[in-house]
Every structure is written in structure tokens, then in C-alpha cells.
Amino acid sequence: MVHSMGYPGVESIVSCQGRRGLSSRASMPSRQCHRMPSVVSDRGSRFGPRPLQWRVHATNHRGVPGSFEEYVLELQQDIIKTAEAMDGSGKTFKKDSWERSPSSSGYGVTAVLEGGQVVEKAASNVSIIRGVLSETRAQSMSSRGRDCIDPRGGQEYSAAAMSLVFHSAHPAIPTLRADVRVFEVGGQRWFGGGCDLTPFYVHEDDFREFHGYWKSLCDEYDDSLYSQYKTWCDEYFYIPARKEHRGIGGLFFDDLDQESSSFENVEEFVRRVGYGILPSWMPIVERRRSMPISDRERDWQLVRRGRYLEFNLLYDRGVRFGLEGGRIESIMVSAPPLIAWKYNVVPEKGSPEEQLLELLSGQPKDWVQ
């Protein structure tokens, strides 16, 4: 495992391919365009350039421009550029390039911005890995019915991933987590990814807008995708010991390939998820960044960040796998910058803090009714 920002990591794809997947079998028409965001702004904003315009490229699911490796590297650069302009503090991302050991080739870039106006800490990881499947991992993957996997191991594989976590400085702005990734072996490829929010206070209009953004994207490919990927997200980002969800969810998908998918242009869809990460979150930032902050709200934000770290260390498959020998700085870079550990914090009855706990401890809400 090289990195994880709340599950994703290219080697965690290898270790977790054996778990349950969700799929639909509805047929979908072929698409003939691939839309990619430009960082050219279509209007003035305090954020500066915003990736809200689209360029059109003639393509199909086997003709997406550029390799996925090139895509995640370019995506990281676009995210860094846009996030720096959005933050407005003049702070920039520090980039740490690294290479794998000789036994398993690969490289990556960990980029971190700290102490910004909007983001107290923002981290983005890219990992490009090439190696050989161990017998244990190969057996886990072949048990999923993957005929291309030799259960004895020894096959070469490659993987590429971009993941990010943005910890907001403002309690009214939710934490943003997202990733896109691909794993390839034996001539077959599987994709994964997602995007979700972890709020500190309940702003239902923000949540509906965020989920509406992702439903609109999913519906362009298959109108059953959003409900599947939202459910998967709600189920994955759950803290059993607390009996509460980590946040209000979003999308989460894994083990997605073209051959068994219900829709055409799987790789195009995954790339558009990556391109949509910041546009799905930035309207919330713009709306909330100027709201006044009380000491009480800041204290609650720090307490709730503890739940975020609890999930990562206790339940996140990618983090737990990575801690068994991965690059520790790239794994733990997703941790919040500051956390308050207080004993048995119980919000006042009827308070905004209690409202959040009631939301997270209940059944996941349908935000796009």
C-alpha cells in the first residue's frame, strides 16, 4: 500500500478486489463524446479559475485520450491549481515526489497545502505502481471469478490512483474526500472511486446540491448508478463502534469494469468523476466561507474531526493495509491537522450539534427526492 485518503490506494485495490461489488445490468446507448473540464473561468469569482467549462473530445470507452496514468497526474495538477486560487491565502501546495523500492517499481507525488484560508489542510496523492501479484492477493482476486487471475500469483500488475482530502478551516464547510483509481492485470482493468462529504453542521441545501450534482452525472450513464453508489458509500463510511455514519455520503464504487458494467464508457465516467470533485464542493465553499465562526463551533469541529480519524484508523481497509509497510507519510497525510479528544461529549438538547448527531446516527437520507 502506498497511500490512502480514506480507502483508496492503488495497492489497496489489489488487496480488496475480493469484496462484494454492486452492478446493474440495464443496457445503455453508446456515447460519442468525452467532456473534460477546463480551468479557464467562465465568470469572475473570489476563487479565481474554476473547472466548470467542458472541452469535447470524440471518443468511446476504448478511446479515451491519454493513459489513465497521464490522466491522474494531470488531474492532480488541475486540482492543485484550482485549490490554490480558491483558497486565496497565497499558500501553495508543497510537493513530495517519491519512488518505489526496486522490488516493486513505481512512483508518486504527495502534495499538501497547510494553513490556508479555506483549507486548513489539503492533501492530494498520486500513486503509479507496477509489481507482481503475491499468491495471497491472487487467490483473493481469483475467488471473485476473475478468470484472468492465476491463483498461484506471479502475474505482473499495474495500478494508478489519485486521492484527496480537504480539511476545511471553517466549521460550516464539510471535509471533502475523493479518489479515482484503476487496477490492471492479465489484460483486464477495474476502476474505483468516489466523492463524499463529512460535515460539522447541518446545511441541507448544501447536501442536496452536492448529491444532485453527482446524481446528474450518474444519470447520464445509467439512472440506477446514483442510488447504487450512494448506498455503497453510506455502507462503507460507517463507524460501528459509534453507531453513526462518518458523514452524509456521496458516491463510492469499486471493482467496476467495462465487460460486466451496465453502461458504456466506464473509463469516461470515472474520469468525469475525477473532474467533478472540486466543482461539486466549491459552491458550498463560496456560500459558507464568509460566515462568522464562534469558539463553540470551532471546538465542535475539532471534536468531530476525531471521528474522521477513528474511521480511518479502525475501519478503513486501505489505511489498515498500508500501515503494514506502506509509505507512512503518504498514508497519514489524510489525517486532520488538529483534533480535540474530549471524553463523552454530549451536545445540548435541541442544539445544532445534536442535529448533526441525529442525522448521522439515523438511516441515510435521500437528498435528491
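So, how was this worked out
- Residue numbers run consecutively from 1 along every chain, following the written order of its sequence.
- Confidence filtering applies because this is a predicted model: local features only for residues at pLDDT of at least 70, side-chain atom pairs given and counted only at 80 or more, and all residues used for totals across whole chains, interfaces and linings.
- Side-chain figures throughout are based on the complete set of non-hydrogen atoms in the structure, without hydrogens or water.
- DSSP-based pairing: two strands are paired if at least 2 bridges between them are found.
- Helix and strand definitions follow DSSP, with helices as H or I runs of at least four residues and strands as E runs of at least two, each counted in order from the N terminus.
- Structural elements are reduced to axes, namely lines fitted to C-alpha atoms, with helices fitted over the stretch in contact, and the angle between N-to-C directions of any two is expressed from 0 to 180 degrees.
- Every residue pair with non-hydrogen atoms within 4.5 Å of one another is taken to be in contact.
- Relative accessible area decides the class of each residue, using a 1.4 Å probe on protein chains only: under 20% of the type maximum gives buried, over 50% gives exposed, and in between gives partly exposed.
- Orientation labels follow simple angle bins: below 35 degrees gives roughly parallel, above 145 gives roughly antiparallel, 65 to 115 gives roughly perpendicular, and whatever is left gives oblique.
- Note that Gly is not counted as nonpolar here; it falls among the polar residues with everything else outside the nonpolar set of Ala, Val, Leu, Ile, Met, Phe, Trp, Tyr, Cys and Pro and the charged set of Asp, Glu, Lys and Arg.
- By convention in these notes, a salt bridge is any Lys or Arg side-chain nitrogen within 4 Å of a carboxyl oxygen on Asp or Glu.
- Only rings of Phe, Tyr and Trp enter the pairing, Trp through its six-membered ring, and a pair is recorded when the two centres are within 6.5 Å. The plane angle decides the type: under 30 degrees is stacked, over 60 is edge-to-face, the rest tilted.
- In plain words, nonpolar cores are sets of buried Ala, Val, Leu, Ile, Met, Phe, Trp, Tyr and Cys residues tied together by side-chain atoms within 4.5 Å.
- Expected span, for any helix, means 1.5 Å times one less than how many residues it has.
- The directions from the helix axis to the C-beta atoms are what the arc is built from.

Chemist: Got a minute to help me understand the sheet that holds strand β4 (residues 106–114) in this structure?
Modeler: Within a sheet, neighbouring strands are paired by backbone hydrogen bonds and run either parallel or antiparallel to one another. Overall, antiparallel pairing links the 7 strands, which are arranged β3-β4-β5-β6-β7-β8-β11 in an open sheet. Edge positions in the sheet fall to β3 (94–99) and β11 (249–256), since each has one partner strand and no second. Taken over all neighbouring pairs, the strand axes of this sheet differ in orientation by 10° on average, direction set aside. Both β4 and strand β5 (residues 119–132) contribute to a ladder of 9 bridges, which runs antiparallel. Looking at β5, one finds that G106 is bridged to I129. Strands in contact with helix α7 (residues 295–314) are β5, β6 (156–168), β7 (175–185) and β8 (188–198); relative to β6, the strand with the most contacts, it is inclined by about 160°.

Chemist: What am I meant to see in the pairing of β11 here?
Modeler: Looking down a regular strand, the side chains alternate between one sheet face and the other. Counting buried positions over the 8 residues of β11 gives 8, a clear majority of the element. For β8 and β11, the ladder comprises 6 bridges, and the chain directions are antiparallel. Considered in β11, the bridge of L197 is made with G249.

Chemist: Explain the packing of helix α4 (residues 204–219) against helix α5 (residues 225–236) here, please?
Modeler: When two helices pack together, their arrangement is given by the angle between the helix axes and by the axis-to-axis distance. One can describe the packing of α4 onto α5 by two numbers: an axis separation of 8 Å at closest approach and a directional angle of 130°. By the angle between their directions, the pair α4 and α5 is classed as oblique. In contact with H211, W214, K215 and C218 of α4, α5 contributes L225, Y226 and K230. Here the residues of the contact of α4 with α5 are counted per class, giving 4 nonpolar, 1 polar and 2 charged.

Chemist: Help me understand unusual backbone geometry, please; the structure alone is not making it clear to me.
Modeler: Comment: phi is negative for the bulk of residues other than glycine, and the bulk of peptide bonds are trans. The backbone of N265 shows a phi angle near 60°, a positive value even though the residue is not glycine. A positive phi angle is found at N344, which is not glycine, with a value near 50°. With respect to the helices, strands and loops of the structure, N344 is situated in the loop between α9 (328–332) and α10 (352–361). Classification of N344 by relative accessible area gives exposed; the value is 55%.

Chemist: Sorry, what's going on with the pattern of salt bridges here?
Modeler: In this structure the tally under the stated criterion is 25 salt bridges. For K365, the salt bridge identified is with E204, shortest N-O distance 3.0 Å. Linking K365 in the segment after α10 with E204 in helix α4, this pair joins segments that are 161 residues apart in sequence. Judged by its relative accessible area of 33%, K365 falls in the partly exposed class. On the basis of relative accessibility, which here comes to 28%, the residue E204 falls in the partly exposed class. Between E220 and R272 there is a salt bridge, and its shortest N-O distance comes to 3.0 Å.

Chemist: Help me understand the packing of aromatic side chains in this model?
Modeler: Describing an aromatic ring pair means giving the distance of the ring centres and the angle of the ring planes. Within the structure shown, the criterion is met by 23 aromatic pairs. Centroid distance Y236 to F252: 4.9 Å. Interplanar angle 10°. Geometry classified as stacked. Of this pair, Y236 sits in helix α5 while F252 is found in strand β11, placing the two residues 16 residues apart along the sequence. Y236 sits in the buried class, given a relative accessible area of 9%. Between F237 and F311, the ring centres sit 5.4 Å apart and the planes meet at 45°, which makes this aromatic pair tilted. Here the residue F237 occupies a position in the loop between α5 and β9 (238–239), and F311 occupies one in helix α7, the gap between them amounting to 74 residues. Relative accessible area serves as the criterion here: at 1%, F311 is assigned to the buried category. An aromatic cluster is built from W232, Y236, F237, F252, F311 and Y315, whose rings are joined through pairwise contacts.

Chemist: Mind showing me how you'd approach the nonpolar core here?
Modeler: Generally speaking, a soluble globular protein has its nonpolar side chains buried in company with each other. Membership of the largest hydrophobic core comes to 69 residues, with the highest contact counts inside it found for F166, F269 and W281. It is helix α6 (residues 266–288) that provides the largest number of residues to this core, a total of 11 residues. Once residues lying within four places of it in the same chain are set aside, the contact partners of F269 are L217, C218, Y221, L225, Y229, F253, L256 and F263. In this structure, A138, I149, F183 and V185 belong to the second largest nonpolar core, which totals 12 residues.

Chemist: What is the right way to look at α4 in this model?
Modeler: Here α4 is 16 residues long and its end C-alpha atoms lie 22 Å apart, about the 22 Å a rise of 1.5 Å per residue gives. For α4, every residue scored as buried is listed here: D206, F207, F210, H211, W214, L217 and C218. Taken down its axis, α4 places every buried residue within 120° of arc, on the same side. Its buried side turned inward, α4 meets β8, α5, β11, α6 and α10.

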